[in-house]
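Examination of the molecular architecture
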Amino acid sequence: MKTIQDVYVLKNGVKMPKVGFGTWQIPNGEVCYNAVSMALKHGYRHIDTAAAYGNESSVGKAIKDSNLKRDEVFVTSKLQSHIKTYQGALDAFDKTLKELDMEYLDLYLIHAPWPWNEMGKDCNEGNVQAFKAMEKLYKEGKIRAIGVSNFSPKDIDNILKHCEIIPHVNQIAFFIGNNQEETHQYCDAKGILIEAYSPLAIGYALSNETIQKMAKSYNVTPAQLCIRYCIEKGTAPLPKSTHESRIIENTGLDFQMKEEDVRFLDTIKDDPRRWNS
Ligand code: A2P
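First, a word on scope: everything that follows refers to the structure included in this document.

**Considerations on the side chain of Ser77**
Within the fold, Ser77 resides in strand β5 (residues 74–79). Setting aside residues no more than four positions away along its own chain, Ser77 makes contact with Thr49, Ala50, Ala51, Glu56, Thr96, Leu100, Leu105, Leu107, Tyr108 and Leu109.

Below, the structure written as structure tokens:
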């Protein structure tokens, strides 16, 4: 099977394609509709959106207009980070389903442990309330898996202490130079799958000489190496692009990296967003 359609099995048995198409910062309307349509045409079977991206309606329409059945595409959305009440989460979920024009979601995540404009604020009680609402929807069959995003081990501990279900997924910024070892190890130990957003470091990793050189040694592009690295680490990368040639390029993942090369990339601890090569 091609890597683009290969799957991870979540703790609850649900199969999730290893590579998802990210849609952060892709504007709603034609641009998003076309990008998602192209992604589906070129083999992606996992689309990641969020209420905060404002593009759920275009994502939903592109999936509807593809010739794929609903159960052939794994769809994720996220609860906006400022919604930290039980009823607020239930209402927001209804709105998300309406925007997507779908009957159910494959994965629903708490977008962040705090509102984006109050990063670091203690929202432990609110996160528990939001997660309990998601547990209810999960039990009702309206969501096939539930999880969190941008959560630290401490934030997840709070959920484990007060909720019933261990989150199935934690979606975090994960790329060469920012592989979040502590969170990754913690999640592995709990059976929580890491999804890697911004696997290309929003593009910055691609101009790095070390990455370019290693990519050449595998006869692949720097983008393909960066995405493959996430898979070698057991995470689910969510690359995004609005250009068809890059959408296709980012599916070229059918190669394996040598263990020593993965280990070498692990030692890079500088965030590529600060690299200037
Ligand atoms: P664009 O949408 O113009 O193609 P990340 O997934 O880490 O957030 O990175 C996304 C950024 O990287 C976007 O700016 C996207 O630009 C760019 N990008 C995506 N795929 C490639 C690629 N294969 N080669 C070069 N740039 C890419």
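**Considering the pairing of β5**
Summarising burial for β5: 6 of the 6 residues are buried, a large majority. Of the strand pairs in this sheet, strand β4 (residues 46–48) and β5 are connected by 3 bridges, and their pairing is parallel. For His46, the partnering residue across the bridge sits in β5 and is Phe74. Handedness of the β-α-β unit built from β4, helix α2 (residues 56–65) and β5 comes out right-handed. Pairing of β5 with strand β6 (residues 105–110) involves 4 bridges; the strand directions are parallel. Following the sheet pairing, Ser77 is matched in β6 by Tyr108. Assessed by its sense of winding, the connection that carries the chain from β5 through helix α3 (residues 86–100) to β6 is right-handed.

**Observations concerning a nonpolar patch on the surface**
A contiguous nonpolar surface patch, about 300 Å² in accessible area, is contributed by Trp24, Ile202 and Tyr204. Inspection of the secondary structure puts Trp24 in the loop between β3 (21–22) and α1 (30–41).

**What about the environment of Ile47?**
Mapped onto the secondary structure, Ile47 falls in strand β4. Expressed as a C-alpha distance, the spacing of Ile47 and Phe74, which sit 27 residues apart in the sequence, is 6.3 Å. Those residues in contact with Ile47, other than ones at most four positions away along the chain, are Phe21, Thr23, Val36, Leu40, Val59, Ile63, Val73, Phe74, Val75 and Thr76.

**Looking at the packing of aromatic side chains**
Within the structure shown, the criterion is met by 5 aromatic pairs. Look at Phe21 and Tyr44: their rings are 5.3 Å apart centre to centre, the planes differ by 70 degrees, and that puts the pair in the edge-to-face class. With a gap of 23 residues between them, Phe21 in strand β3 and Tyr44 in the loop between α1 and β4 connect regions that are remote in the sequence. The pair Phe21 / Tyr44 is uniform in exposure class, with both members buried.

**A few points about helix α4 (residues 124–139)**
Each turn of an α-helix holds 3.6 residues, which means side chains three or four residues apart point in the same direction. With 16 residues, α4 should cover 22 Å at 1.5 Å per step; its first-to-last C-alpha distance of 22 Å lies within 8% of that length. Among the residues making up α4, those that are buried are Gly126, Asn127, Val128, Ala130, Phe131, Ala133, Met134, Glu135 and Leu137. Tucked into the core, α4 has its buried residues touching β5, α3, β6, β7 (143–149) and α5 (153–162). Of the residues flanking the end of α4, it is Gly141, one or two places downstream, whose phi is positive at about 85 degrees.

**Describing unusual backbone geometry**
You will see that Asn150, though not glycine, has its phi angle at about 60 degrees, which is positive. On the secondary structure map, Asn150 appears in the loop between β7 and α5. On the basis of relative accessible area, Asn150 is assigned to the buried category, the value being 16%. Even without being glycine, Gln180 reaches a positive phi, approximately 40 degrees. Mapped onto the fold, Gln180 is located in the loop between β8 (169–173) and α6 (181–190). With relative accessibility at 26%, the residue Gln180 sits in the partly exposed group.

**Topic: the pattern of salt bridges**
Under the criterion given, the structure shown has 17 salt bridges. In this structure, Asp106 engages Arg70 in a salt bridge whose closest nitrogen and oxygen atoms are separated by 2.9 Å. One end of the pair, Asp106, is in strand β6; the other, Arg70, is in the loop between α2 and β5, with 36 residues separating them in the sequence. For the pair formed by Asp106 and Arg70, the shared burial category is buried. The shortest N-O distance in the salt bridge between Lys142 and Glu140 comes to 3.1 Å. A cluster of three or more residues bridged by salt bridges with shared partners is formed by Lys233, Glu259, Arg263 and Asp266.

Thresholds applied
Residues numbered from 1 in each chain as written. Predicted model: local features only at pLDDT ≥ 70, side-chain atom pairs only at ≥ 80, totals over all residues. Heavy atoms only, no water. Helix = DSSP H or I, 4+ residues; strand = E, 2+ residues; numbered from the N terminus. Contact = heavy atoms within 4.5 Å. Buried < 20%, exposed > 50% of the residue type's maximum accessible area, 1.4 Å probe, protein only. Pairing = 2+ DSSP bridges. Right-handed = clockwise from strand over helix to strand, strands pointing away. Patch = residues over 30% accessible without salt bridge, like charges linked within 9 Å, V, L, I, M, F, W, Y side chains within 5 Å. Areas by Shrake-Rupley, 256 points an atom, 1.4 Å probe, with all protein chains shown as cover. Salt bridge = Lys/Arg side-chain N within 4 Å of Asp/Glu carboxyl O. Phe/Tyr/Trp six-rings, centres within 6.5 Å; stacked < 30°, edge-to-face > 60°. Expected span 1.5 Å × (residues − 1).

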